[in-house]
Amino acid sequence: MPSLDHEFPLDLIRHAPDLAVRLLDHVSERPLPDFARVRCDSGDMTTTAPPELRADSVVVLEQDADPGEQSDAPVLAIVVECQNGYDQHKRFSWPAYVANLRARLGCPVILLALTPTEALARWCSTPIDLGGGYLVHRPLALGLSSLKPVTDPEEARAEPELAILAAAHNHVDDPTVLDALLPAFDSLDESKSTLYSDYVLAALPAAARKYLEDAVTAGTYEFKTDFVGRPFQEGKTEGKAESVLTILDARGIAVPEPVRERITSCTDPDELTLWLRRAITAATAADLFD
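The rules behind each value
- Residues numbered from 1 in each chain as written.
- Predicted model: local features only at pLDDT ≥ 70, side-chain atom pairs only at ≥ 80, totals over all residues.
- Heavy atoms only, no water.
- Pairing = 2+ DSSP bridges.
- Helix = DSSP H or I, 4+ residues; strand = E, 2+ residues; numbered from the N terminus.
- Axes fitted to C-alpha atoms, helices over the stretch in contact; angles between N-to-C directions.
- Contact = heavy atoms within 4.5 Å.
- Phe/Tyr/Trp six-rings, centres within 6.5 Å; stacked < 30°, edge-to-face > 60°.
- Buried < 20%, exposed > 50% of the residue type's maximum accessible area, 1.4 Å probe, protein only.
- Lys NZ or Arg CZ within 6 Å of the ring centre and 35° of its normal.

Caption draft 1: Representation of the sheet that holds strand β3 (residues 73-82). Pairing is mixed across the open sheet formed by five strands, whose spatial order is β1-β2-β3-β4-β7. Bordering the open sheet on either side are β1 (37-41) and β7 (140-143), each of which pairs with just one other strand. On average, adjacent strands in this sheet sit at an angle of 25 degrees to one another, irrespective of strand direction. With four bridges connecting them, strand β4 (residues 109-115) and β7 associate as parallel partners. Bridging across to β7, Ala 113 finds its partner in Ala 141. Against the sheet, helix α3 (residues 90-105) contacts β1, β2 (57-63), β3 and β4, and its axis sits at roughly 160 degrees relative to β3.

If you want it as structure tokens, here you go:
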């Protein structure tokens, strides 16, 4: 079952693929090519022959099509892998991801591994000998704990996903970082701010969650809409039930009508909080209640 540490960065990239570009820039020594837009692509790396290969996420940088061309031209693809442990099998599958995607898109491909620690990032970025030392593939890796937490509210508002990711993976309780998180959430549209705030509340230490909840409840930060501040407010069972359903929907998990009815009719804030945290890693909607 995917963990919060695995799914959280991927959800951010699915909603904001340009985050992968900014993370790559943290570890790449080469300048990025000129590009006009960024989009997510299929993570399916399988060819006509088994075994099945599927990357966690693929982000493609595109340039505008030349006159006479029918489609925009990819200039770089980033295979994003969230790696939370040491897995020797990746030393064989990662080069296949790069080669197959390069053949499909016809552009350079970089594999970027996101890890919880610097030690694991060093292991992931070790060059992979493809045979006899003549061909070598070198993944890039970024330890997410090395991201510097954002303390400037305007910087957090300009790059909210990066601010949220840095705060969640540093488990911060610094009030200056937490104060910057609020305008970061406020700069996002309603569906994203609800999903992200639910993730962050599950990832942050208890003292940090209490600080954010108190800031919203006391009105020390005024959100643009009540909807944005809702996920932080304890005791609002209707808002928590909606957040549970929002996370399940964002993760593509079907919610049968009896389960939906049980969630929306629940009036116990503590039980809803438990379901909210389980929704982040649940494989099925029924897993909320196990």
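Caption draft 2: Spatial organisation of the packing of aromatic side chains. A complete count under the given rule lists two aromatic pairs for this structure. A ring pair is formed by Tyr 86 and Trp 123, whose centres lie 5.4 Å apart and whose planes are at 75 degrees; its orientation type is edge-to-face. Placement of Tyr 86 in the loop between β3 and α3 and of Trp 123 in helix α4 (residues 118-124) is noted, with a sequence separation of 37 residues between them. We classify Trp 123 as buried; its relative accessible area is 16%. With a centroid separation of 4.9 Å and an interplanar angle of 75 degrees, the aromatic rings of Trp 275 and Phe 289 are classed as edge-to-face. Placement of Trp 275 in helix α13 (residues 269-279) and of Phe 289 in the segment after α13 is noted, with a sequence separation of 14 residues between them. Classification of Phe 289 as partly exposed rests on a relative accessible area of 22%. Sitting over the face of the ring of Trp 123, Arg 91 holds its NZ or CZ atom 5.4 Å from the ring centroid.

No statement about biological role is implied by the geometric values presented.
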